[in-house]
Amino acid sequence: MIVEELDVVRLKDGTEVTVLEVFPTEPKYFCQRADDFDDMFYVTTDEIVEITYKCRK
């Protein structure tokens, strides 16, 4: 699965996040929660379950 910037993904814990930036090494993704909390954090590839929204370029 290819995850790109601005895609929305679901994590193993059920949280949906927006990918803000993609890096070449792990933790590979800098994300922001897609709910009311707006927390920002790094996510590894193993934590992603599925892409729920694919941003069109």
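Residues numbered from 1 in each chain as written. Predicted model: local features only at pLDDT ≥ 70, side-chain atom pairs only at ≥ 80, totals over all residues. Heavy atoms only, no water.

A. Looking closely at the pairing of strand β4 (residues 40-43). As paired strands, strand β3 (residues 29-33) and β4 are joined by four bridges and run antiparallel to one another. When the sheet's bridge partners are listed, Q32 is paired in β4 with M40. (Pairing = 2+ DSSP bridges. Helix = DSSP H or I, 4+ residues; strand = E, 2+ residues; numbered from the N terminus.)

B. Representation of the sheet that holds β4 within the structure. Read across the open sheet, the five strands follow the order β4-β3-β2-β1-β5; overall the sheet is antiparallel. What marks the edges here is a single partner per strand, and that holds for β4 and β5 (48-53). Across the sheet, the mean angle from the axis of one strand to that of its neighbour is 45°, orientation sign disregarded. (Axes fitted to C-alpha atoms, helices over the stretch in contact; angles between N-to-C directions.)

C. The arrangement of the packing of aromatic side chains in detail. Under the defined criterion, the tally for this structure stands at two aromatic pairs. Between F30 and Y42 the ring centres are 4.8 Å apart and the planes differ by 50°, which places this aromatic pair in the tilted class. With F30 in strand β3 and Y42 in strand β4, the pair connects residues that are twelve residues apart, well separated along the chain. A residue is classified by how much of its surface remains accessible, and Y42, at 48% relative accessible area, is partly exposed. Cluster of aromatic residues (ring-pair linked, three or more members): F23, F30 and Y42. (Phe/Tyr/Trp six-rings, centres within 6.5 Å; stacked < 30°, edge-to-face > 60°. Buried < 20%, exposed > 50% of the residue type's maximum accessible area, 1.4 Å probe, protein only.)

D. Representation of a negative patch on the surface. A contiguous patch of negative charge on the surface is contributed by D13, E26, D46 and E47. With respect to the element layout, D13 can be found in the loop between β1 (8-11) and β2 (16-22). (Patch = residues over 30% accessible without salt bridge, like charges linked within 9 Å, V, L, I, M, F, W, Y side chains within 5 Å. Areas by Shrake-Rupley, 256 points an atom, 1.4 Å probe, with all protein chains shown as cover. Salt bridge = Lys/Arg side-chain N within 4 Å of Asp/Glu carboxyl O. Lys, Arg positive; Asp, Glu negative; His and termini not counted. Charge placed at Lys NZ, Arg CZ, Asp CG, Glu CD.)

E. Looking closely at the side chain of T15. Here T15 is to be found in the loop between β1 and β2. Excluding anything up to four places from it in sequence, T15 contacts V9, R10 and R33. (Contact = heavy atoms within 4.5 Å.)

F. Inspection of the side chain of D7 at higher detail. Structurally, D7 is set in the segment before β1. Among the residues examined, D7 registers a relative accessible area of 0% and is labelled buried. Within the local environment of D7, its side chain forms a polar contact with the backbone nitrogen of E4, the two atoms lying 2.8 Å apart. Excluding anything up to four places from it in sequence, D7 contacts I2, V17, T18, V19, I51, Y53, K54 and C55. (Polar contact = N/O pair within 3.5 Å; in protein donor to acceptor, adjacent residues only side chain to side chain.)

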